[in-house]
Amino acid sequence: MKNEFKAIVINNIDNTYTAALQTITTDLLPNNNIELDVLFSTLNYKDGLAITGKGPVVRTFPMIPGIDLVGKITKTTSNEFQNGQLVLLNGFGVGEKHLGGLAQKASLNSEWLIPLPVKLSPKQAMQIGTAGYTAMLSIIALEKQGITPDSGDVLVTGANGGVGSFAVYLLNLLGYSVVAATGRLEQTDYLKELGAKQVIHRDELSTPGKALAKERFAAAIDSVGSHTLANICASLKYGGVVTACGLAQGMDLPASVAPFILRGISLMGIDSVMRPKSDRVEAWQRLAELVESSYLDKISTEISLPDVIEAANNLMAGTIRGRVVVNCQ
Ligand code: NDP
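No experiment lies behind these values; they were computed from the predicted model shown.

Caption draft 1: Just the packing of helix α2 (residues 122-144) against helix α3 (residues 162-173), in detail. Relative to each other, α2 and α3 sit at 60 degrees, their axes nearing to 8 Å. With respect to α3, the axis of α2 lies oblique. α3 is crossed by α2, and the crossing has right-handed handedness. Listed contacts from α3 to Gln127, Ile128, Ala131, Gly132, Thr134, Ala135, Met136 and Ile139 of α2 are Gly162, Val163, Phe166, Ala167, Leu170 and Leu171.

Put into structure tokens, the structure is as follows:
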């Protein structure tokens, strides 16, 4: 039937958490001002948590996961977008409290959408996804604080992760000298291929350290938090800047004010989820201009909706490297 479509549907009935590919009808979609065919989505760590139920990501049931999508508009009452237009969504609680992108169709609020940059295909935008977009937001934050390639070494933590690997790649393209911190030193060659000048073990940063350490980095992009972020603050050069977007090590920040008041360092918080539209457009425009399609093909694999549940389990088991894009049609 015409109004039927396929979607990954998560339910929690009588404390039994399930996720399955189902055929549902469009009358189950909310009545937002944009309806679209989802062309591509992607599997982020957050989607893995939602699908497997391993983290409290989903806030209402039934839920369609998928925090990122590119779609083609089929129905609109918004003045901002036209039928047939390609649009991009990251975050805004989609796939958490609003039905998300791992489906053939979605109904979304035009406030959440930006036009797909002309230089990117729907698939390329999802190869980049929230990971690449968050890395770009972090770099823009450093630039706005006056960091340039001449400032000195830029540290990237969680370097083999989604955000970290994009940060290494993009910083190198922009001419920065990148130091990558990782727990997987066996991936040193890969990180150097991405653009790291030097690779260090994350243990150098992950245990309690001094309030002020040797001035080492001009700037840093951190997706790890906890002692790592505290040690980064202690190791920044005078006037240095660190961005914080993640909590892979922990949500705590056992830091001292010493580097802030003695070395004038800055800590910039990065949120991608509720980011204003103008910042999204700027970050995606920069990504469209910078990212090479050969890189995207190297770091990602393509799957279809029927493969999503198995891929989410593999993602949570840590057996997937790189980005997973989902062809939703
Ligand atoms: P990934 O799981 O892809 O990467 C996280 C990386 O962190 C791992 O690959 C690992 O890198 C490192 N890591 C893992 N555990 C530890 C640990 N105990 N101590 C130190 N390092 C560790 O996640 P993403 O890159 O997608 O996301 C990274 C973080 O950023 C997450 O916390 C995520 O929730 C957050 N995030 C926040 C966003 C925002 O809007 N603020 C948007 C996107 C993500 P390695 O193997 O190299 O050591």
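Caption draft 2: Here's a closer look at a nonpolar patch on the surface. Residues Leu253, Val257, Phe260, Ile261, Leu262 and Leu267 make up a contiguous nonpolar surface patch of about 540 Å² in total accessible area. A total of three residues in the nonpolar patch trace back to one element, the largest contributor, which is helix α7 (residues 258-263). Within the fold, phenylalanine 260 resides in helix α7. Taking the relative accessible area as the measure of exposure, phenylalanine 260 reaches 30% and is therefore partly exposed.

Caption draft 3: Broad picture of the sheet that holds strand β11 (residues 217-222). Taken in spatial order, the six strands make up an open sheet running β10-β9-β8-β11-β12-β13, and their pairing is parallel. The sheet terminates laterally at β10 (196-201) and β13 (266-269), the two strands that pair on one side only. Strand-to-strand, the axes of this sheet are offset by a mean angle of 20 degrees, without reference to chain direction. Strands β8 (154-156), β9 (178-182), β10 and β11 of the sheet are contacted by α3, whose axis makes an angle of about 155 degrees with β8.

Caption draft 4: Layout of the pattern of salt bridges. Taken as a whole and assessed by the stated rule, the structure comprises 13 salt bridges. Where lysine 46 meets glutamate 96, a salt bridge forms, and the shortest distance between an N and an O atom there is 3.0 Å. Of this pair, lysine 46 sits in helix α1 (residues 45-52) while glutamate 96 sits in the loop between β5 (86-90) and β6 (105-108), and the two are 50 residues apart along the sequence. Overall, the relative accessible area of 28% leaves lysine 46 in the partly exposed class. On the accessibility criterion, glutamate 96 (7% relative accessible area) is buried. Residues joined by salt bridges that share partners form a network here, namely Lys46, Arg59 and Glu96.

About the criteria used
- Residues numbered from 1 in each chain as written.
- Predicted model: local features only at pLDDT ≥ 70, side-chain atom pairs only at ≥ 80, totals over all residues.
- Heavy atoms only, no water.
- Axes fitted to C-alpha atoms, helices over the stretch in contact; angles between N-to-C directions.
- Helix = DSSP H or I, 4+ residues; strand = E, 2+ residues; numbered from the N terminus.
- Parallel < 35°, antiparallel > 145°, perpendicular 65-115°, else oblique.
- Left-handed = near helix turned anticlockwise from the far one by under 90°.
- Contact = heavy atoms within 4.5 Å.
- Patch = residues over 30% accessible without salt bridge, like charges linked within 9 Å, V, L, I, M, F, W, Y side chains within 5 Å.
- Areas by Shrake-Rupley, 256 points an atom, 1.4 Å probe, with all protein chains shown as cover.
- Salt bridge = Lys/Arg side-chain N within 4 Å of Asp/Glu carboxyl O.
- Buried < 20%, exposed > 50% of the residue type's maximum accessible area, 1.4 Å probe, protein only.
- Pairing = 2+ DSSP bridges.

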